[in-house]
Amino acid sequence: PASAAAAEARFRLAHLLQTVQNDEDAALKEYMSRARSRRRTVWRDRALFEAAEIHLRRNEIDRAVAACRAVSSRAHDEAASDEANFRAAEYHFLGGQFQDARSTLDRALAGSAKRFFLNDVLELSLLVEAGEKEDPAVLQAFANARKLTRQGQSGAALEAFTLFLS
């Protein structure tokens with residue numbers, strides 16, 4: 001069915017596959033099926049955001065960014081587009097792609113992020129700018145520790161933060 005209820009049901013099915021069944025492959029397949037919809041809906045955008053998080057956990061930074069770009073180019077509203085731009089910058093940051101992060105953040109600051117994600121965009125922008133000036137290796141270590149946290153690798157993240165602070 002092509003109804004709005006069916007779009008939500010597909011998203012929720014994928015979410016259950018991911019969170020209850022721990023089957024990220026099946027969830028990703030279902031999210032991407034939802035993402036191929038020609039309709040601009042919140043469920044398409046949310047499916048792409050969830051797919052991006054799966055790609056991040058798999059250390060597929062470019063695919064995570066691509067999912068965000070897909071939202072940004074056809075978002076159902078301005079807030080989703082702003083979120084997509086911020087997430088793309090964040091994925092670049094977590095992947096140690098600081099120049100790409102800065103470019104994406106600069107575009108976000110020039111756009112509508114003034115309303116929706118301004119604080120997040122500014123915070124990350126200042127972090128990247130200061131880190132690149134002070135010590136790029138330290139910025140890289142911090143980004144990696146944050147990435148490990150987002151990937152659910154708690155032990156490795158704890159070790160990375162401990163090493164970062166020593």
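Worth saying up front: this structure is predicted, and the values here are computed from it rather than measured.

Engineer: Can you tell me about the environment of Leu28, naming the residues and giving the values?
Structural biologist: By the element assignment, Leu28 lies in helix α2 (residues 24-35). Non-local contacts of Leu28, meaning those with residues more than four positions away in its chain, are made with Ala51, Ile54, His55 and Arg58.

Engineer: Describe the side chain of Asp45, naming the residues involved and giving the relevant values.
Structural biologist: Tracing the sequence through the fold places Asp45 in helix α3 (residues 42-57). What Asp45 contacts, discounting residues up to four positions off in sequence, is Val71, Arg74, Ala75, His76 and Ala80.

Engineer: Please set out the packing of aromatic side chains residue by residue, giving values where relevant.
Structural biologist: Inspection of every chain in the model, using the stated rule, returns six aromatic pairs. Taken together, a centroid distance of 5.3 Å and an interplanar angle of 45 degrees make the contact between Phe11 and Trp43 tilted. Of this pair, Phe11 sits in helix α1 (residues 4-19) while Trp43 sits in helix α3, and the two are 32 residues apart along the sequence. Taken as a pair, Phe11 and Trp43 share a single burial class, namely buried. Of the aromatic side chains, those joined through ring pairs into one cluster are Phe11, Tyr31 and Trp43. Above the plane of the ring of Phe49 lies Arg87, whose end atom (NZ or CZ) is 4.3 Å from the centre.

Engineer: Describe the nonpolar core, and please don't skip the residues or the numbers.
Structural biologist: Val71, Tyr91, Phe93 and Leu124 are the most contacted members of the largest nonpolar core, which totals 31 residues. Elements with a minimum of two residues in this core: α3, α4 (61-74), α5 (78-94), α6 (98-110), α7 (118-134) and α8 (136-150). Looking at this core element by element, the count peaks at eight residues for α5. For Phe93, the contacting residues outside a window of four places in its chain are Phe98, Ala101, Leu124, Leu127, Val128, Leu139, Phe142, Ala143 and Arg146. One finds Leu17, Leu28, Tyr31 and Ile54 within the second-largest nonpolar core, a separate group that totals 11 residues.

Engineer: Just give me the short version of α3, but keep the residues and values in it.
Structural biologist: With 16 residues, α3 ought to run about 22 Å at 1.5 Å a step, and its terminal C-alpha atoms sit 23 Å apart, in line with that. Within α3, 12 of the 16 residues are buried, leaving the element largely enclosed by the surrounding structure. Those residues of α3 that sit buried are Trp43, Arg44, Asp45, Ala47, Leu48, Phe49, Ala51, Ala52, Glu53, Ile54, His55 and Leu56. Phi turns positive, to about 65 degrees, at Asn59, one or two residues after α3.

Here is what the cut-offs are and how they apply
Residues numbered from 1 in each chain as written. Predicted model: local features only at pLDDT ≥ 70, side-chain atom pairs only at ≥ 80, totals over all residues. Heavy atoms only, no water. Helix = DSSP H or I, 4+ residues; strand = E, 2+ residues; numbered from the N terminus. Contact = heavy atoms within 4.5 Å. Phe/Tyr/Trp six-rings, centres within 6.5 Å; stacked < 30°, edge-to-face > 60°. Buried < 20%, exposed > 50% of the residue type's maximum accessible area, 1.4 Å probe, protein only. Lys NZ or Arg CZ within 6 Å of the ring centre and 35° of its normal. Core = buried A, V, L, I, M, F, W, Y, C linked by side-chain atoms within 4.5 Å. Expected span 1.5 Å × (residues − 1).

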